[in-house]
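# Chains, contacts and geometry: an overview
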Amino acid sequence: MGCDRNCGLIAGAVIGALMAVFGGILMPVGDMLIEKTVKKEAVLEEGTIAFKSWVKTGHRSLQTGWIFDVQDPEEVAVNSSKIKVKQRGPYTYRVRYLAKENITQDSETHTVSFLQPNGAIFEPSLSVGTENDTFTVLNLAVAAVPHLYPSAFVQIIVNIFIKKSNSSMFQKRTLKELLWGYKDPFLSLIPYPVPTTVGVFYPYHNTADGVYKVFNGKDDIISRQSVYVYVYGASFPPFIEKTRVLQFFSSDICRSFYAVFGAEINLKGIPVYRFILPSLAFASPLQNPDNHCFCTEKIISKTCTLYGVLDIGKCKGGKPVYISLPHFLHASPEIAEPVEGLSPNEEEHSTYLDVEPITGFTLQFAKRLQINILTGTIGDEKAEMFRNQVTGKIELLGLVEMILISVGAVMFTAFMISYCACRLKSVK
């Protein structure tokens, strides 16, 4: 989990050169010159170190994921047994290798807007298998139907097509299909226009993230702190203090998070501050009022008292998608109870950023999240209909955060220097 051989090269060179130049000058004068130079190079404009690395990174950003393979799909569907899962991975992709596009500077507001093209290249040497490896996972389309179409009449009609397509609650899919999309046989039978391609990250390739507008720091480099950091590599205002709360935005889950100081560590000979994502970020709205908009379902969440999972369905077209830390770390015990095969631990499943405090550059970022699909919950009458007409004896679980894929452990080991802190389509 270390940085690659180029980790910290730019930050180390900048800091080292500054120290060498100013080493013989009186400390107050040296500090002033260092501060001036750092602030200049941290501005997002043509000619600065920050801008060059921000437009297109010179390192490899890697997204590494694990899939939870369901071991007992028939027992779960027929007898409502506990879900037994086996974690398989890692499977690694290179991401964020394309240069930003439509970069536009606004001299009046001191902002810069841009698009970030999406792309992912499979890295076989860093993976345990190939993109053709198969997994038994939740059927994304079938699981989403009760949430997208709650009407009993519509569900009766839809269930006819589910049965006709020989679909069921679980399915076998390759890694490539699961992540990037496949044509669903059930959706293909529906006689009116609906999207028929389904995938955890679909659509992704040939799309772009944004438009974003962020402060460039030209008038006040510290103002960049008021904009959420772009998650695939980040920079913060220089001269980071331990008391600072670092805000960052995660576009793939459509929300912001924050990190607090955890410890001082040495990373490849560079002193850095490690900021960690606190458990409070996934707390219930009763514990953390900032999460109130992520609790939209009152029954399963027990009136929003359960913690550890956040509803991001509004961000995913109304689909029953929830996020958590891997293996339901810091979640209510009731959430993980229906699942066998989980082993949550802080070292492997927490999210953190290692920030060089003088420059504000993030040298290492481990963003670890798990994507979960909630299975349908219906009343007794409709459940009886579903059992008789669709899949036989299915008693839908009262609370099953079906583990679909651990997108977490996305470990960016390369040196991350200059993504500007930003928030979605707005500037504070």
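Described in the following lines is the structure provided in the data block. Because the structure is predicted, anything quoted here is derived from the model rather than measured. (Residues numbered from 1 in each chain as written. Predicted model: local features only at pLDDT ≥ 70, side-chain atom pairs only at ≥ 80, totals over all residues. Heavy atoms only, no water.)

## Thoughts on the overall build of the protein chain
Helix and strand counts for the protein chain come out as 11 helices and 22 strands. For the protein chain, buried positions account for 54% of its 428 residues. Of the roughly 19200 Å² of accessible surface on the protein chain, a fraction of 56% belongs to carbon and sulfur atoms. (Helix = DSSP H or I, 4+ residues; strand = E, 2+ residues; numbered from the N terminus. Buried < 20%, exposed > 50% of the residue type's maximum accessible area, 1.4 Å probe, protein only. Areas by Shrake-Rupley, 256 points an atom, 1.4 Å probe, with all protein chains shown as cover.)

## Looking at helix H5 (residues 140-148)
Among the 9 residues in H5, 7 count as buried, and that is most of the element. With a side-chain oxygen lying 3.2 Å from the backbone nitrogen of Ala 141, the N-terminal cap of H5 falls on Asn 139. (Polar contact = N/O pair within 3.5 Å; in protein donor to acceptor, adjacent residues only side chain to side chain.)

## Focus: the nonpolar core
Core analysis: the largest hydrophobic core is formed by 71 residues, its most contacted members being Tyr 93, Leu 175, Phe 186, Phe 257 and Phe 282. Residues in contact with Phe 282, not counting those within four places in the same chain, are Phe 257, Leu 277, Asn 291, Tyr 307, Gly 308, Val 309, Leu 310, Ile 323, Ser 324, Leu 325 and Leu 369. The next biggest cluster of nonpolar side chains, apart from the first, holds 10 residues, and it includes Leu 44, Ala 50, Trp 54 and Phe 114. (Core = buried A, V, L, I, M, F, W, Y, C linked by side-chain atoms within 4.5 Å. Contact = heavy atoms within 4.5 Å.)

## Remarks on the environment of Thr 362
Structurally, Thr 362 is set in strand S19 (residues 362-367). Residue classification places Thr 362 among the buried positions, given a relative accessible area of 0%. Thr 362 sits 127 residues away from Ser 235 along the chain, and the two C-alpha atoms are 5.6 Å apart.

## A look at the pairing of strand S1 (residues 61-70)
In regular strands, side chains alternate between the two faces of the sheet. Burial within S1 is extensive, with 9 of its 10 residues counted as buried. Sheet analysis places S1 next to strand S2 (residues 83-95), joined by 9 bridges and oriented antiparallel. In the strand pairing of S2, Asp 69 is matched with Lys 86. (Pairing = 2+ DSSP bridges.)

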